[in-house]
Amino acid sequence: MDKYGLDDLGDELADRWTKPQSTRQSCRELAEFFNIRVLDAALREEGILWERSLVEECAGIIKDKNKSLTGFDLDSRGVDTDEVGEDMVSYQSIHNYLTDDRGIEYEREINGIRSRVNSLQQMQARMETIATGIIAQSVAHNQINGIEPNVEITAKCICKACGSRTDMSQYLREEGCPTCNRSN
């Protein structure tokens, strides 16, 4: 980062790795992002300004140590593609940098619970939509008397220790039975 004047890149990598799960980037994605920024900086140093898509394509070629016409062309324009390739990193390097050098802990488990709760809520919403549709068709075909009811689907956990019934989302968020957790 210092070599290519990418002082802000460390903070950006950390930010991209610790974003909420839906927008978080993996170490592989961050390594690719880093390598593109390294090549772009090397190109700019020689006065070469390329569109991002071309820089991305060329970064992949250089990282794979594949001397193509692009690589030879860059070498002739003052960009040492061998040196740039040596400065590119792997996903493991990014992981080590973020965890060891930056001291960032990856909150995989907390986000895992959030993800499971979100998945459960999506399944419940989908089941409600399906059930509402089935009932609406039955009412429309006069197979059910009356008007359409509101449909609510819930998933409950029944604690084997105390017998309490808890909404599954709450059970997951509270890491177990809330009644038993309060008594401990």
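In the block above lies the structure referred to throughout.
The structure presented is a predicted model; accordingly, all values stated were derived computationally and were not measured.

Here we take up the overall build of the protein. When helices and strands are counted, the protein shows 9 helices and 2 strands. Against the 2.2 N^0.38 benchmark of 16 Å for 184 residues, the protein shows a C-alpha radius of gyration of 27 Å, more extended than a compact globule. If you line up the protein on its principal axes, its C-alpha atoms span 80 × 50 × 25 Å. Of the contacts formed within the protein by residues at least 6 apart in sequence, a portion of 53% connects residues at least 24 apart. Here the protein displays about 12300 Å² of accessible surface, and carbon together with sulfur accounts for 47% of that area. Side-chain charges of the protein comprise 22 positive and 33 negative groups, with the mean position of each set lying 9 Å from the other.

What follows is about the nonpolar core. Counting 32 residues, the largest nonpolar core has Leu13, Leu39, Leu43, Leu74, Val84, Ile94 and Leu98 as its most contacted members. The set of elements that each furnish at least two residues to this core consists of α1 (9-17), α2 (27-45), α3 (52-63) and α6 (91-101). In terms of residue count, α2 provides more of this core than any other element does, 11 residues in total.

Those residues of α1 lying buried are Leu9, Gly10, Leu13, Ala14 and Trp17. Taken end-on, α1 shows its buried residues confined to a sector of 140 degrees, consistent with a single buried face. Lining the buried residues of α1 we find α2 and α6.

The rules behind the values
Residues numbered from 1 in each chain as written. Predicted model: local features only at pLDDT ≥ 70, side-chain atom pairs only at ≥ 80, totals over all residues. Heavy atoms only, no water. Helix = DSSP H or I, 4+ residues; strand = E, 2+ residues; numbered from the N terminus. Rg over C-alpha atoms; globule rule 2.2 N^0.38 Å. Contact = heavy atoms within 4.5 Å. Areas by Shrake-Rupley, 256 points an atom, 1.4 Å probe, with all protein chains shown as cover. Lys, Arg positive; Asp, Glu negative; His and termini not counted. Charge placed at Lys NZ, Arg CZ, Asp CG, Glu CD. Core = buried A, V, L, I, M, F, W, Y, C linked by side-chain atoms within 4.5 Å. Buried < 20%, exposed > 50% of the residue type's maximum accessible area, 1.4 Å probe, protein only. Arc of directions from axis to C-beta.

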